[in-house]
Amino acid sequence: MRAVDIIMNKRAGKELSREELTFLIGGYVAGEIPDYQVSAWAMAVFFQGMTAAETAVLTELMLNSGARMDLSGIDGPFVDKHSTGGVGDKTSLILAPIVASLGIKDPMMSGRALGHTGGTLDKLDAIPGYRTQLEPAEFRRILAKDGFAMTGQTRDIVPADRLLYALRDVTGTVESIPLITASILSKKVAEGADALVFDVKFGSGAFMKDLADGERLARSLVDTGTAMGKRIIALLTDMNEPLGNMMGNFLEVEESFDCLEGRGPADLMEVTLELAARMVMLGGKAQTAAGGRALCEEALAGGKPRTLFLANIESQGGDVKKFLDLRGVYRSPVSAEIRAEKSGYLSRIDAWKVGHAGVDLGVGRNRTEDAVSPTAGVQFHRKGGDIVTAGDLIMNVWARDEAGLAAALPQLREAVEYGAPAKRKLVMEAEHQ
Ligand code: URA
């Protein structure tokens, strides 16, 4: 078998056999098939797609490329949530302590910012002392104690995704439904959750730009995950505007904590609570999503999620006092303001442009090895649907350096759209659930 024949078969739109996919993925992980051939194959998949059967085989091969997290000996239920990627998307930080306070264990294995989307691990790393690379034994201990633990992928877990995702990110092949399905599900099955809630984002700031593609991705995740024996719910959520009022690493941790203290912005709370409600349902603590949501709201009002959030900071090596003291002041000294250029309605703040500006500010990265800034980011004072008067403050902007600020500001100005606000439905059930 030769890699070039597999690439040409996919380029011609043929369904690849299990043997072909095994040869390709196995050879790539073993270092026998070079990046350039796997890139060409990924581009062929991007254009030709994959059948459901091929997607299932690819997911299984990626999953079996490494070890799985062993959660034996810890009481479940184990339920996790995964987002397909967005801007200002910090729901994981908020919902993990909420569902943990209701007796659900959330073994959360997350990623870093890549492309224009943010990463949970980079946000958590902004907390002084917090460690996001946990050994399996430590991950288990913290999960059992706090009800949730947050870690990055280890070298042993799904190495095929670690290699493939980094390659896709720099070869224009991220936005492929089968490749996203296999990437996400292989990681999520490896981490040991019994049930999963997917936050499938659609809109300018998502990988799926419209609702129809979002629905296709949701169906692919649900069908493939169900075939692997997992209970799955997918929600479709709007990512045309950044979620919440903060975009940036420490800024988003700070806003997550605000949510746990009852001061969360409405859009962020809505998406978080709808996702958490499904996790509670899948964990068997409520019969309906409405019942799950009521439990989450009750838990928030009781304050236990806030306590668990701080307990987790301590468990993962973070300095709780420093974290609390840094709120409101841990900002880069290189800063600017964006003010309204005219009076009238803001129709939206474009998440795509904000996400790209975020990379220049230092929130995200262009290459996997780049470092991110904890203190760069944007605070939004106005968003779509608000009425502004010329000169009103719309954004505070913080950058790692002057060059980053200069590159980001025109994009952020352009992100502000004026006019009649479009009607947006923030959260939708995926119809096939
Ligand atoms: N998130 C992932 O983990 N993988 C993808 O391919 C896209 C989003």
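Residues numbered from 1 in each chain as written. Predicted model: local features only at pLDDT ≥ 70, side-chain atom pairs only at ≥ 80, totals over all residues. Heavy atoms only, no water.

**Quick word on helix H11 (residues 249-260)**
For H11, spanning twelve residues, the distance from its first C-alpha to its last is 17 Å, which sits close to the expected 16 Å at 1.5 Å a residue. A large share of H11 lies buried, amounting to twelve of its twelve residues. Of all the residues in H11, the buried ones are Asn249, Phe250, Leu251, Glu252, Val253, Glu254, Glu255, Ser256, Phe257, Asp258, Cys259 and Leu260. (Helix = DSSP H or I, 4+ residues; strand = E, 2+ residues; numbered from the N terminus. Expected span 1.5 Å × (residues − 1). Buried < 20%, exposed > 50% of the residue type's maximum accessible area, 1.4 Å probe, protein only.)

**Quick word on the site of the ligand**
Around the ligand, a shell composed of His82, Thr84, Tyr165, Arg168, Ile180, Ser183, Ile184 and Lys187 is seen. Across the complex, the protein chains shield 92% of the 240 Å² of accessible surface that the ligand would expose by itself. Looking at the shell around the ligand, the elements that each hand over two or more residues are helix H8 (159-169) and helix H9 (177-190). Here the element with the most residues in the shell around the ligand is H9; it accounts for four residues. (Near = heavy atom within 4 Å. Areas by Shrake-Rupley, 256 points an atom, 1.4 Å probe, with all protein chains shown as cover.)

**Comments concerning the side chain of Lys201**
With respect to the secondary-structure elements, Lys201 resides in strand S4 (residues 195-202). Ignoring sequence-local partners within four residues, the contact set of Lys201 consists of Ser83, Thr84, Gly85, Gly86, Asp89, Ala206, Met208, Thr237, Met239, Leu243 and Val271. (Contact = heavy atoms within 4.5 Å.)

**A few points about the packing of helix H5 (residues 91-100) against helix H14 (residues 304-315)**
Direction vectors running N to C along H5 and H14 enclose 115 degrees, while the axes themselves pass 8 Å from each other. Taken together, the axis directions place H5 and H14 in an arrangement best described as roughly perpendicular. In this structure, the crossing between H5 and H14 has a hand that is right-handed. Contacts between H5 and H14 involve Leu93, Pro97, Ile98 and Ala100 from the former and Pro305, Leu308 and Phe309 from the latter. For the contact of H5 with H14, the class distribution of residues is seven nonpolar, no polar and no charged. (Axes fitted to C-alpha atoms, helices over the stretch in contact; angles between N-to-C directions. Parallel < 35°, antiparallel > 145°, perpendicular 65-115°, else oblique. Left-handed = near helix turned anticlockwise from the far one by under 90°. Nonpolar A, V, L, I, M, F, W, Y, C, P; charged D, E, K, R; others polar.)

**Structural notes on helix H17 (residues 402-415)**
The terminal C-alpha atoms of H17 lie 20 Å apart, and with 14 residues this matches the ideal 20 Å at 1.5 Å per residue to within 8%. Where H17 bends most, at Ala408, the angle is about 30 degrees, and the proline Pro410 comes one to four residues later. Taken together, the buried positions of H17 are Gly404, Leu405, Ala408, Leu409, Leu412 and Ala415. In the core, the buried residues of H17 are packed alongside strand S7 (334-339), strand S8 (344-349), helix H16 (351-361), strand S9 (377-380), strand S11 (393-399) and strand S12 (416-418). (Bend = angle between axes of the 7 residues up to and from the residue.)

**Notes on the pairing of strand S1 (residues 79-83)**
With five of its five residues buried, S1 lies for the most part within the structure. With five bridges joining them, S1 and S4 adopt parallel strand pairing. Its bridge partner being in S4, Lys81 is matched across the sheet by Val197. (Pairing = 2+ DSSP bridges.)

Geometric values such as these leave the question of function open.
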